[in-house]
Amino acid sequence: MGRVRLSVAERREELLRAAIEQIEARGVAAVRIADVAASLGVSNALVLYHFSTKEKLVAEAFRYAAEGDLAHLRKLIARRTTALRRLRAAVRWYAPTGQAKGWRLWIEGWAVSLRDPTLREVTRDLDLEWKAALTGLIEEGAAATEFHCADPQASALRLTALLDGLAVQLTSYDGAVSRTKAQQWADEALARELNLLESPTT
């Protein structure tokens, strides 16, 4: 049976998903156009038709993954509940013990972005939107007197820095810290930033 004919947009999305899978499996440095093509049973020429170089394919794959994560973040923020509940849900999802896009992918992206301006832009945009989202939720909750936070922007930066660091420990150094302990530290850090350490769980 022949392959189903896809629209240009559908084909690009299929190629991007395959590229993400190959990057997660092989790493950015080792992945080849041929690997992506073989995983879908298509020609190298087809991949190059949509993405003229490996570098463009990799950058667009990371952008695609980032957009998926950010779309989910926006859904969490839009829930009709307290700012604190939404903030806790966002932090738990973003944490390396949560369900955000595989941290191995993003650690690969950080490393490559040191030398790749296009990929650096993608990872920076993701980072800035996460920080802005957390900052906004903290500001909203503080204004509603759900908790107290003197500097929401600094708190958001500290929280994301902790979560990023825990992701490196969990992903790169097997056994360095347990998932349970990492989640406990993330919960405690959020409570500390919001002056909730003595408050009952919401």
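Residues numbered from 1 in each chain as written. Predicted model: local features only at pLDDT ≥ 70, side-chain atom pairs only at ≥ 80, totals over all residues. Heavy atoms only, no water.

A. Focus on unusual backbone geometry. Phi at T145 takes a positive value of approximately 55°, unusual for a residue other than glycine. Inspection of the secondary structure assignment puts T145 in the loop between α7 (117-143) and α8 (152-172). (Helix = DSSP H or I, 4+ residues; strand = E, 2+ residues; numbered from the N terminus.)

B. Quick look at the pattern of salt bridges. Taken as a whole and assessed by the stated rule, the structure comprises ten salt bridges. The salt bridge partner of R26 is D35, with a shortest N-O separation of 3.7 Å. For R74, the salt bridge is made with E129, and the minimal N-O distance between the two is 2.9 Å. Residue R74 is located in helix α4 (residues 54-77), and its partner E129 is located in helix α7; the two are separated by 55 residues in the primary sequence. (Salt bridge = Lys/Arg side-chain N within 4 Å of Asp/Glu carboxyl O.)

C. Region of interest: the nonpolar core. Core analysis: the largest hydrophobic core is formed by 54 residues, its most contacted members being I23, L57, F62, L87, W106 and L194. When residues of this core are traced back to their parent elements, those giving at least two are α1 (8-26), α2 (33-40), α4, α5 (83-94), α6 (103-113), α7, α8 and α9 (179-193). Top element by residues in this core is α4. It accounts for nine residues. The residues touching L194, leaving out its near neighbours within four places in the chain, are L84, L87, I138, F147, H148 and C149. (Core = buried A, V, L, I, M, F, W, Y, C linked by side-chain atoms within 4.5 Å. Buried < 20%, exposed > 50% of the residue type's maximum accessible area, 1.4 Å probe, protein only. Contact = heavy atoms within 4.5 Å.)

D. Inspection of the packing of α5 against α9 at higher detail. At a minimum axis distance of 11 Å, the contact between α5 and α9 shows a crossing angle of 145°. Pair α5 / α9 crosses with right-handed handedness. Where α5 abuts α9, its residues L87, R88, V91 and R92 lie against Q183, D187 and L190. In terms of residue class, the contact of α5 with α9 is made up of three nonpolar, one polar and three charged. (Axes fitted to C-alpha atoms, helices over the stretch in contact; angles between N-to-C directions. Left-handed = near helix turned anticlockwise from the far one by under 90°. Nonpolar A, V, L, I, M, F, W, Y, C, P; charged D, E, K, R; others polar.)

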